[in-house]
Structure formats: structure tokens, C-alpha cells
Amino acid sequence: MSTEPATTASATPARPPARHLVAVVLLVPLLAVLALCAFAWPAARTAPRDLPLGVAGPTAATAQVEQRLEQREGAFEIHHYADGAAARDAIEDREVYGAVVVTGRGPELLTASAASPVVAQLLQQAVTQPASAEGEQVRTVDVVATPEEDPRGATLSASVLPLALAGIAAGSVVSLLGLRGIRAATALVGAAALVGAVAAGIAHSWLGAFTGDWWAEAAAFGLTTLAVGGAVAGLAALLGRAGIGVGALLVMLLGNPFSGATSAPEMLPEPAGAIGQWLPPGAGVSLLRSVAHFDGAAASGPALILTWWAALGLGAVLLGSALTARRKSGEPAVRQQPAPVG
């Protein structure tokens, strides 16, 4: 009985299809263009658009002030208050970014650099320069100031990207490790809680950039991370690994540049500012400003938006796990056939 010599063919790796090369050549520039537009467009078009601003004092006395402000058409949304005390309360409640108070000693500008140092500087230019040209001196009072350790509010604006990356990383790792259902949700909540505690420890305890309640700040950091992580993991549970890319692009190309962290939502071109406040990074920045500097004023809106994102994301994780389990249980069992005899 002869046996033929076995011939071993050299294993040649399969060449990737040409469409893969075309996809890379086209996709990378497309992503670069989208990122450039998403980040450069809001930055290049930064200007006040219906920026809430108060005017306080008798109607006859404030008429001239309103005329000056109305010369910048569409820049300010004027709110009227009876006196300076009411205007201060409105600033502390985050109803307006500042107010012009007309008194017997002349006009007074109330600002809140903690709400946005950029807006506070803008208001000084918009109010004091025209008044100075007419021989009036405007006294400026910073009602809610940024801490001395962080006068430009850089810590808060710089926290958007790390929180977005932490959420994306949490959602990606949970998905790639194959965690499902309750275990995946528990991992996301635990990671977000730890991120919140560490971030509050850095921003509040170490840098001294936040002056609010420590636990509220930690909760805001954690909820923002959970909203991003839940969205990424939820999309991955429903769409597969492609969902990770969809969630990451949504957060990085829309949520991050549209957040208004470096200025204010009303300083971004429409509808970027409005869209940003409905995404986790923008809502997270607004919530952090409220709890870090304004004793939680106007915190309910962004907190509800973040909770909505977190709940939908975790719900999608649980739903994806249930659908996977149901699909596996519905597959017919493959019975092993006995080997033929002889």
C-alpha cells in the first residue's frame, strides 16, 4: 500500500480587497473634515445670540440703556427688574448672565464670571465702552466670581474632554469585554462613581477651582460619565461594535464642540448651542456650573437630561442582553450524528 508524499503548499496571506484601501483613503479625510467643521465653526462664529441680560431701575431711566443694547440687534434678550436686589437674585438663580442697574449715582454693571468669564468680559465691553464714550462711568460688580485659584474658569472648561473620554472608554471596555445585562450596568455605574469621586477630588480639593458642595460636584461628574458610557455601551449592545464608533463620534464631534464650555451656549451659532445642551457634555457642563458655583441653581434641567441619557443607555444594555439571550435560546440544538461504522 503506497502513500503519496504530502505536498505542503506555502500559506500566502489573503490580500485585503481593494475596497478596504479606498475606504481608508476616503474615510480618514472625511472624518478630518467633519472634526474641523465641528470644532472650528463654533469657535469662528462665537458671538452673543439672545444672551439673557437684565436691566433694572425705573423705566424712564433704563430707556437709554436699552437703546444702546438694542443697537446690537439679536445679541441680548432683555429681562426687566425693579431694582438691583432683584437683578442680583436673578443672576444668582442663573436666569441672566448679568444686569445693568441704573441708580442715582449712575449705571452699575453686575456680572457673574463664574457663569462664564468670556460673557462677563463681553458685557463689560458692550456696556462700559458706549457709556464711557458719552462721559459716563460704569461701576462693575462681580456678583458670583470665579475662585481666586482659577480666575479664568479653565478647570471646568478643560474637564469636558476628559469626562467624554472616560465615558467612551467605560462603554467601550464593557462592550469589548463581553459584559452583558446587570453585570454591564453595574460596571458602568461603578466606573462612573469612581470617576466622579476622583474628578471632584482633583477639581475641588486639590485645585480649589470649585466652591460648591463636594458630593454634588462628584455626583455631577459621575452622572456625566455615566450618560456618555451608557450611551456608548447601549449603542454597542444594539448595533454591535459599530455602535461604539457611533457613540464616540456623537460625543466627540457634536457633544464636545457644541457644549459651550469655553464660553456659553448662547455664544455659539444656532442651532449648535441648543443641540449641545441636549447632549451629555453640554448638559454636564451646565450642571457642573450650577453645583460648583451657584448652590445648585438651574441644575434640574441638565440633571434630567443626563439622567435621561443614562437611563436610555443602561436600558439599551439590558435590552441588548435580553435579545441576545433570546436569540441563542431560539437556535435549534445541533445534534451530533454517530460516526459511520466500517
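Just so we're clear, the structure is a prediction, and the values are computed from it rather than from any experiment.

Thoughts on the overall build of the protein chain
Scanning the protein chain for helices and strands turns up 12 helices and five strands. Computed over C-alpha atoms, the radius of gyration of the protein chain comes to 28 Å, more than 25% over the 20 Å expected from 2.2 N^0.38 for 342 residues, which places it beyond the range of a compact globule. When its C-alpha atoms are laid out on the principal axes, the protein chain stretches across 120 × 40 × 35 Å. Out of the 342 residues belonging to the protein chain, those deemed buried represent 44%. Counting contacts in the protein chain only where the partners sit at least 6 residues apart, residues at least 24 apart contribute 72% of the total. Here the protein chain displays about 18,800 Å² of accessible surface, and carbon together with sulfur accounts for 62% of that area. Here the protein chain contributes 19 positive and 24 negative side-chain charges, whose respective centroids are spaced 19 Å apart.

Overview of the pairing of strand β3 (residues 98–103)
A large share of β3 lies buried, amounting to five of its six residues. Note that strand β1 (residues 51–56) and β3 share three bridges and pair parallel. Bridged to G54 within β3 is A99. Hairpin geometry of β3 and strand β4 (residues 106–111) is characterised by an intervening segment of two residues between the two adjacent antiparallel strands.

A word on a negative patch on the surface
Taken together, D83, D89, E92, D93, E95 and D295 make up a surface patch of like negative charges. Mapped onto the fold, D83 is located in the loop between β2 (76–81) and α3 (84–92). Its relative accessible area of 40% is what places D83 among the partly exposed residues.

Remarks on unusual backbone geometry
Look at the link from E270 to P271: it is a cis peptide, with omega at 0 degrees. For P271, the location among the structural elements is in the loop between α9 (242–255) and α10 (272–277). Although it is not a glycine, D295 adopts a positive phi angle of roughly 55 degrees. Mapped onto the elements, D295 comes out in the loop between α11 (280–293) and α12 (300–330). Since its relative accessible area comes to 77%, D295 is described here as exposed. Its identity is not glycine, yet A298 carries a phi of approximately 60 degrees, on the positive side.

Observations regarding the pattern of salt bridges
According to the stated counting rule, one finds one salt bridge in the structure shown. Here R139 makes a salt bridge to E108, at a shortest N to O gap of 2.1 Å. Placement of the pair is R139 in strand β5 (residues 139–142) and E108 in strand β4, with a sequence separation of 31 residues. Given a relative accessible area of 47%, R139 falls into the partly exposed group.

A look at the side chain of S259
Mapped onto the secondary structure, S259 falls in the loop between α9 and α10. Exposure remark for S259: the relative accessible area of 4% places this residue in the buried category. Apart from residues lying up to four places away in sequence, S259 is in contact with V160, Q277, P281, G282 and V285.

Quick look at a nonpolar patch on the surface
A cluster of nonpolar side chains, namely L27, L30, L31, L34 and L249, defines an oily patch on the protein surface of about 420 Å² accessible area. Secondary-structure assignment places L30 in helix α1 (residues 18–44).

As for the sheet that holds β1
Read from one edge to the other, the open sheet built from five strands follows the order β2-β1-β3-β4-β5, with strand pairing classed as mixed. Edge positions in the open sheet fall to β2 and β5, since each of these has one partner strand only. Looking at each pair of strands side by side, their axes are set apart by 25 degrees on average, direction ignored. Running at roughly 165 degrees to β4, helix α4 (residues 117–133) makes contact with β1, β2, β3, β4 and β5 of the sheet.

Conventions and cut-offs
Residues numbered from 1 in each chain as written. Predicted model: local features only at pLDDT ≥ 70, side-chain atom pairs only at ≥ 80, totals over all residues. Heavy atoms only, no water. Helix = DSSP H or I, 4+ residues; strand = E, 2+ residues; numbered from the N terminus. Rg over C-alpha atoms; globule rule 2.2 N^0.38 Å. Buried < 20%, exposed > 50% of the residue type's maximum accessible area, 1.4 Å probe, protein only. Contact = heavy atoms within 4.5 Å. Areas by Shrake-Rupley, 256 points an atom, 1.4 Å probe, with all protein chains shown as cover. Lys, Arg positive; Asp, Glu negative; His and termini not counted. Charge placed at Lys NZ, Arg CZ, Asp CG, Glu CD. Pairing = 2+ DSSP bridges. Patch = residues over 30% accessible without salt bridge, like charges linked within 9 Å, V, L, I, M, F, W, Y side chains within 5 Å. Salt bridge = Lys/Arg side-chain N within 4 Å of Asp/Glu carboxyl O. Axes fitted to C-alpha atoms, helices over the stretch in contact; angles between N-to-C directions.

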